[in-house]
Each structure stands twice: as structure tokens, then as C-alpha cells.
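A look at the structure
This is what each chain is made of:
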Amino acid sequence: MAGFVLRRLTTIVPTLLGITVAVFLMVHLVPGDPAQVMLGERATPESLEVLRRELGLDQPWYVQLGRYLGGLASGDLGRSIKSHTPVSAELATRFPATFELTLAAMVLACAIGLVAGVLSATRRNSIWDFAGLAASLAGVSMPIFWLGLILILFLAVNLGWFPVAGRVSATTYIEARTGLFLIDSLVAGNFRAFGDVVHHLFLPALTLGTVPAAVISRMTRSSLLEVLHEDYVRTGRAKGLVEWLVVLRHALRNAFIPVLTVISLQFGYLLGGAVITETIFAWPGIGRWLLLAVYARDFRAIQGGVLLVSLTFVTINLIADVLYAWIDPRIKYRESS
Amino acid sequence: MTSAGTGGLQHLWVRYRTNRSAVVGGGLLVLFLVVAAGVPWIATHDPLAQDLYGRLSAPSWDHLFGTDDFGRDIFSRVIHGSRISLKIGLAAVGVALSVGTLIGLIAGYKGGAVDQGLMRVMDVMLAFPSILLAIGIVAILGPGLNHAMLAVGIVAIPQYARLVRASTLTVREADYVQALRALGAGDVRILATAVLPNCVAPLMVQATLGLATSILDAAGLSFLGLGAQPPTPEWGAMLSGGRELILSAPWVLTYPGCAIFATVLSFNLLGDGLRDAFDPRRVSGE
């Protein structure tokens, strides 16, 4: 297994390098002068020259790329052009908020999607199945920025069940250790704060998790239907296992590889969708910050933010790859042969 | 699929027609196209005309969907928005389909270093969350509807490239392609007459579902203020402009949202139906 993980790790190195260079080039090889953008139309040629030299923009692009990669190796992502704070520090304070939201959305999506998918497949052509199919189709067609606003209107404003925005109430204090408030509040033994965090997390996570829930449910249904008539499932039934055990232990485990692929790919959707969800719910994560950076054309911040989110996505896909081999050992052997 | 002829088409139509969700999707889509074509006759007001005395009036006979904070008729704006959404979908899918198909054909047919190089670039593009890549592209090009369409199109290129490459790889060594080559056919002719027709079915499905995704993504970009700019009656931009009115005038948000949802739903239903019709195994295999 260690060999398999190592081999996988080496295959993502070119992708990581590709992403880094792509992000760099995306920001640098385009017409327009970042210094001009920063200083505005009325900047004097002298001040532009000074700023260009300060940012290293007077150097050829490959020198800039070299410097950027060198900086990356030591964790230096440069300074935000707008706020002049180190980009890495900004990311470090905001990333946990995005990560917590993404994970919560994925947990909700998996819970809803897997249950709905299994119900649909095991009760094929029943009213459950049709309801599940219709709901999942509606889910994948849903503009989440609209769904978020509707949820705020009904569940937060009209019914008052959930807070409208933010990560915690103003009166709640949580000492940030990991930055993941769910964990921090538990570690501190502060269950009231934990409840407050969950309360704030629910609506954004539901908004963000709707599309993945629908996709997971569709994939679970179709992939489970394919294996439900296999011999080993019949054998499970024949030896007298109760139906839910047959489905969970024999069918779902074998149907799970495509579902896992979908789950890992949906993380990409979640990390991207976080930009929209964070904007709607005033969530202090990377997504909203990145959007503000885009408005301000703060290229260092954009570079750092996009890079971190993409690296997270690649890492999650790597973890999924390792999980495949754990669930289905044949993959590991095929790879090594 | 290539030699299907009219008999094959009829068979396809029968399979499509018996798929209930596909028929519903097709119906919704026809409605959408009729609305987009009939904009001048259906819209009751000028979508940009402001009426500051009639701001935020609730739905009524005069304003079916009410008015927004500038007193503009929301019904007419939603109707006009259908054309913009159709344009977005077609342009984005057009970019993705043409560039992606070309890359997939070249990669699959040439193989070797060309294939490796092109597909690694596609891999890197897929390593970005798609909406984030689109935001990045718009950040560079600058906000605006055309740039948003281009960004959404560029982001989708790898999907088409992978699809066409896979199809190309399977037919490249087929006997009839070898036969064409032996007869002295050039690369372009082989690609156009033997390879490309094999990709048509999966591409049609992908393009239909792609229309749904691009309309949704472009509306998302407009919602974030990176796509269509005010006062363009684009659905995402309308939602963005109406955000603050969620409590006082919910109708400002309701109808553009419903329009996006119904349009995306119709393309998704149609895409699913086409996939089932092209691949009977999926229906019986389930």
C-alpha cells in the first residue's frame, strides 16, 4: 500500500507544477499592467516605475516565475497588493472557514445522496424512486445562489430557525486553535459554542451541498442497480442475510467505486461553489476574499487563493485514489503489474 | 450510429419518445425557444424603461411579475433574458465543442508526444475547480457578458477533448480506417469521414448537458458581478441586483431564479433522454 501511495504521489508532481505555472502565467502573460491597475489612471510614470521595480515586474517573465517558485518553496506567496499583508497569512486565517464549510456540505451531501440513492435503487419504480429521481434532477438544475437566497428568506427570516449570516454569534467566543470552529469548540469543551457553530453552518452547508447530494444520489442509484442482480448479491440473500445487510455489505461496497469518484470530483464543485455560498452568507472564507481580490485586481491574492484551492482539490483526489485501492484491492495490483 | 440512416433515426425517435422525462424536457425547451424567438411580441414593456413612481410594485395585471427597484417590468426583463441565456449557452458550448473536438481529434489520432502534451494541459485545466477557473479567466479579461461566456466555454474544453480523444482512439486502428488509409485517404479525410461521425452521439449528449452547465455557470458569474453588467436583463445579474430586496420585494428574486431553474432543468432532462436513446443498454441495464 505504501508503494502505491508513493507512486501516486509522484504522478501528481507534474500536475502540481503545471497548476502553479498555469496560475502564474494566467496572471502575468496577459495584456494590462498590474502596477497601472493598482495605482489607477492618474498615476505618474515615476510612481509606476517604482512600483514595477518593487513588485519585480520589470524583470522578464521567466525570472518572475523563478522567483515565484522560489518563494513558494519557502511558503512565501508574496504580499497582497491591496492590504499589503502576506498572502499566506490571509489564506491561513480564512482557509479553515472554507474547509469547514466544504466538509460540512460534503457530509450533508453524502448523507442525503447515499440514503436517497439506496432507497431509489432498492425500491425501483416505486413512488420513492420517482420522488428521488425528480428531486435529484431538480438538485442538479438548481442555481445555488438562488437556492441560498430562498433558504435565507424562508428558514432564516420568516421562520427564524437559522441565523442569516456569519460563522458564529457575536456573543460566542471560540479560541482559534485549528480554525475549524467545530473542532475548536469541542476541544475547549464548550458545547454551547459548538451548537452555535452547527446552527450557523447548517444553511450554507445545505445550500452548497444540494448539487453534490443530487449527483451522488443519481450515481448511487445507477451503480447500485447494476450490481443488485449479481451472483454474489443473490448468494448473500440465499445464505439468509437480512436485506439491508446484503445491500450495505455486498452490493454497496462493490457499487461504491464510481460513487467515490463522483464524491471526490464534487469536492471541486464545492470548493468553487464556496465562492458563491460565502458571498451569500457573508462567510469569512477564501471564496469571498478571492472574489474581493478579483474586484480589486489584486493579482498576488488571486494567485495565492486559486493555487491553494486547486492544491486542496488535487490532494482530495489523491486521497480518493488511495481509498479506491483500499476498497478494491484489484486496483492496486493492476497498477503495480 | 453513423450508418443509421432513416431507419436508425426512426428507431432513435421511438426510444426518445417513450422516455417521459425527455419528452417533458423537450417540451420545456420548445417553450423556451418560442419565448426567445417571440421576445418582441411577448414582452409587455421595454426591459430597460424605468418608472421611478412604480418602483417595487407587486405582481399585477399591468406588471405580471411586478417591478424592480428602478420600476422596470420584471416579466419583460425575464422574457428578454431568455435570449441572453440562449446566446450564452450556444456561445460557450460552441467554444468548448469546437476547440475541445479539435484537441481530442489531434491528440487521439496523432498519439505519442502530441497526445501526451495536449492531455497534460487538459489534466491541469481539470485540476482547477471549474467555476474558480472561470472566475480566474474573467479576472484577467475583465468583467462582462462576452468574457464570461468565453470563460465558461474555455473551462469546459477538457470534457470534450477527453470524449473525442477516447472515441478517436477506439476507431483509429479499426479495419475500415486502415482500409481508408490503404486507399490513400489523407489524415483530414479520415478524421472527417471515419473518426468524427463516431463521436457525434456522445458529443450531442455532452453538448446538451453542457448547455445547462454553461447557462448555470454564466448566471453564477453574473450574480457575482463578473458577467453581464447592469442594466442588462440577464437572469443572474437580476438576482444579484435584487439581493437586498429579499425581504421587501421577494418577487424581484423569484422569477429570474425560476427562469434559470426551468431552463437548466429542460436541458438536463433532454440530455438525459438523449443519452438513454443513444445507449439502450443504460435503460435495460439499470
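Residues numbered from 1 in each chain as written. Chains lettered and ligands numbered in written order. Predicted model: local features only at pLDDT ≥ 70, side-chain atom pairs only at ≥ 80, totals over all residues. Heavy atoms only, no water.

1. A look at the overall build of chain B
- Summing up its helical and strand segments, chain B has twelve helices and zero strands in all.
- Traced from its N-terminal end to its C-terminal end, chain B shows the element sequence α-α-α-α-α-α-α-α-α-α-α-α.
- Projected onto the principal axes, the alpha-carbon positions of chain B cover approximately 75 × 45 × 35 Å.
- Split into buried and exposed, the 286 residues of chain B put 52% on the buried side.
- For chain B, long-range pairs separated by at least 24 residues make up 71% of all intrachain contacts whose partners lie at least 6 apart in sequence.
- Accessible surface computed for chain B: about 12,700 Å², of which carbon and sulfur atoms make up 66%.
- Considering chain B, the positive charge centre built from 19 side chains and the negative charge centre built from 18 side chains are found 8 Å apart. (Helix = DSSP H or I, 4+ residues; strand = E, 2+ residues; numbered from the N terminus. Buried < 20%, exposed > 50% of the residue type's maximum accessible area, 1.4 Å probe, protein only. Contact = heavy atoms within 4.5 Å. Areas by Shrake-Rupley, 256 points an atom, 1.4 Å probe, with all protein chains shown as cover. Lys, Arg positive; Asp, Glu negative; His and termini not counted. Charge placed at Lys NZ, Arg CZ, Asp CG, Glu CD.)

2. Digging into the confidence of the model for chain A
- Of the residues in chain A, 97% reach a pLDDT of 70 or more, and the chain-wide mean stands at 86.
- Here helix α14 (residues 329-336) of chain A stands out as the element of chain A with the lowest mean pLDDT, 64, in contrast to helix α5 (residues 87-122) of chain A, whose mean of 94 is the highest. (pLDDT = per-residue confidence, 0-100.)

3. Things to note about the interface of chain A and chain B
- At the interface, 45 residues of chain A touch 40 residues of chain B.
- At the boundary of chain A with chain B, total buried surface from both sides reaches about 3,600 Å², with 78% on carbon and sulfur atoms.
- Broken down residue by residue, the surface that chain A buries against chain B is led by Phe 145, Trp 146 and Leu 149 of chain A, which jointly contribute 18%.
- For the pair chain A and chain B, the number of links is one salt bridge.
- Its salt-bridge partner being Asp 272 of chain B, residue Arg 218 of chain A comes within 2.8 Å of it at the nearest N-O pair.
- Across the chain A-chain B interface, the total number found is five residue pairs in polar contact (both at pLDDT 80 or more).
- Secondary structure elements with two or more residues in the side of chain A that touches chain B: α1 (2-28), α6 (127-140), α7 (144-158), α9 (191-227), α11 (243-280), α12 (286-296) and α13 (299-327) of chain A.
- Of the residues forming the side of chain A that touches chain B, the biggest block, eight residues, is contributed by α11 of chain A. (Buried area = accessible area lost by both parts, 1.4 Å probe. Salt bridge = Lys/Arg side-chain N within 4 Å of Asp/Glu carboxyl O. Polar contact = N/O pair within 3.5 Å; in protein donor to acceptor, adjacent residues only side chain to side chain.)

4. Section: unusual backbone geometry
- In this structure, Pro 231 of chain B follows Pro 230 of chain B across a cis peptide bond, with omega equal to 5°.
- Backbone geometry places Ala 282 of chain A, a non-glycine residue, at a positive phi of 45°.
- Within the element layout of this structure, Ala 282 of chain A appears in the loop between α11 and α12.
- Within the chain, Leu 56 of chain B stands out as a residue other than glycine whose phi angle is a positive 50°.
- Note that Leu 56 of chain B resides in the loop between α3 (39-42) and α4 (74-110).

5. Digging into the pattern of salt bridges
- Using the criterion set out here, one finds 15 salt bridges over all chains in the structure.
- For Asp 272 of chain B, the salt bridge identified is with Arg 275 of chain B, shortest N-O distance 3.0 Å. Residue Asp 272 of chain B and its partner Arg 275 of chain B are both found in helix α11 (residues 251-278); the two are separated by three residues, about one turn of the helix.
- Within this structure, Arg 218 of chain A together with Asp 272 and Arg 275 of chain B form a network of salt bridges that share partners.

6. Section: a nonpolar patch on the surface
- Judged by side-chain polarity, Met 1, Ile 319, Leu 323 and Trp 326 of chain A come together as a nonpolar surface patch covering roughly 420 Å² of accessible area.
- By secondary structure assignment, the location of Leu 323 of chain A is in helix α13. (Patch = residues over 30% accessible without salt bridge, like charges linked within 9 Å, V, L, I, M, F, W, Y side chains within 5 Å.)

7. A look at α1 of chain A
All names here are of chain A.
- Between the first and last C-alpha of α1 there are 39 Å, a value that for 27 residues agrees with the 39 Å anticipated at 1.5 Å per step.
- Along α1, the sharpest kink reaches roughly 25°, centred on Ile 12 and followed within four residues by the proline Pro 14.
- Those residues of α1 that sit buried are Phe 4, Arg 8, Ile 12, Gly 18, Ile 19, Thr 20, Val 23, Phe 24, Met 26, Val 27 and His 28. (Expected span 1.5 Å × (residues − 1). Bend = angle between axes of the 7 residues up to and from the residue.)

8. Topic: the domain arrangement of chain A
- By the assigned domains, chain A splits into domain 1 (16-73) and domain 2 (95-284).
- A separation of 40 Å is found between the C-alpha centroids of domain 1 of chain A and domain 2 of chain A. (Domains from an automatic or database assignment.)

9. Notes on the environment of Leu 208 of chain A
All names here are of chain A.
- Turning to its location among the elements, Leu 208 is positioned in helix α9.
- Classification of Leu 208 by relative accessible area gives buried; the value is 0%.
- With 162 residues separating them along the chain, Leu 208 and Glu 46 place their C-alpha atoms 47 Å apart.
- Discounting chain neighbours no more than four positions away, the residues touching Leu 208 are Leu 101, Thr 102, Ala 105, Ile 144, Tyr 269, Leu 270, Gly 273, Ala 274 and Thr 277.

10. Re the packing of aromatic side chains
- Counted by the stated rule, this structure contains nine aromatic pairs over all chains.
- Aromatic side chains Phe 24 of chain A and Tyr 68 of chain A sit 5.8 Å apart centroid to centroid with 35° between the ring planes, which places their arrangement in the tilted category. A residue pair is termed long-range when its members are at least 10 positions apart, and Phe 24 of chain A in helix α1 and Tyr 68 of chain A in helix α4 (residues 61-73) qualify at 44 residues.
- Exposure remark for Phe 24 of chain A: the relative accessible area of 1% places this residue in the buried category.
- For Tyr 68 of chain A, a relative accessible area of 7% puts it in the buried group.
- Judged by centre distance (6.4 Å) and plane angle (55°), the rings of Phe 32 of chain B and Trp 235 of chain B are tilted. Of this pair, Phe 32 of chain B sits in helix α2 (residues 20-37) while Trp 235 of chain B is found in helix α10 (residues 235-242), placing the two residues 203 residues apart along the sequence. Comparing Phe 32 of chain B with Trp 235 of chain B shows no difference in burial state: the two are buried.
- The structure contains a cluster of three or more aromatic residues connected by ring pairs, namely Phe 32, Trp 235 and Phe 267 of chain B.
- Above the plane of the ring of Phe 181 of chain A lies Arg 167 of chain A, whose end atom (NZ or CZ) is 3.8 Å from the centre. (Phe/Tyr/Trp six-rings, centres within 6.5 Å; stacked < 30°, edge-to-face > 60°. Lys NZ or Arg CZ within 6 Å of the ring centre and 35° of its normal.)

11. Quick notes on the side chain of Arg 167 of chain A
All names here are of chain A.
- Looking at where Arg 167 falls in the secondary structure, it is placed in the loop between α7 and α8 (181-187).
- With a relative accessible area of 9%, Arg 167 lands in the buried category.
- Side-chain polar atoms of Arg 167 contact the side chain of Glu 100, separated by 2.8 Å.
- Separated by 2.9 Å, the side chain of Arg 167 and the backbone oxygen of Gly 179 make a polar contact.

12. A few points about the packing of α6 of chain A against α9 of chain A
All names here are of chain A.
- Between α6 and α9, the shortest axis-to-axis distance is 8 Å and the interhelical angle comes to 135°. Here α9 runs oblique to α6, going by the angle between their axes. Like other packed secondary-structure pairs, α6 and α9 cross with a definite hand, here left-handed. Residue-level inspection shows Asp 129, Leu 133, Ser 136, Leu 137, Gly 139 and Val 140 of α6 in contact with α9, the latter providing Thr 210, Val 211, Ala 214, Val 215, Ser 217, Arg 218 and Arg 221.
- A breakdown of the residues in the contact of α6 with α9 according to their chemical character gives six nonpolar, four polar and three charged. (Axes fitted to C-alpha atoms, helices over the stretch in contact; angles between N-to-C directions. Parallel < 35°, antiparallel > 145°, perpendicular 65-115°, else oblique. Left-handed = near helix turned anticlockwise from the far one by under 90°. Nonpolar A, V, L, I, M, F, W, Y, C, P; charged D, E, K, R; others polar.)

13. Re the environment of Ser 80 of chain A
All names here are of chain A.
- Tracing the backbone through its elements, the reader meets Ser 80 in the loop between α4 and α5.
- The exposure class of Ser 80 is buried, given its relative accessible area of 4%.
- Sequence separation of Ser 80 and Leu 290 is 210 residues, and the distance between their C-alpha atoms is 11 Å.

14. Observations concerning the confidence of the model for chain B
All names here are of chain B.
- Per-residue confidence for chain B gives a mean pLDDT of 87; residues scoring 70 or more make up 95%.
- When pLDDT is averaged over each helix and strand of chain B, the minimum, 48, is found for helix α12 (residues 280-285) and the maximum, 93, for α4.
- Prediction confidence for the complex, expressed as pTM and ipTM, is 0.88 and 0.86 respectively.

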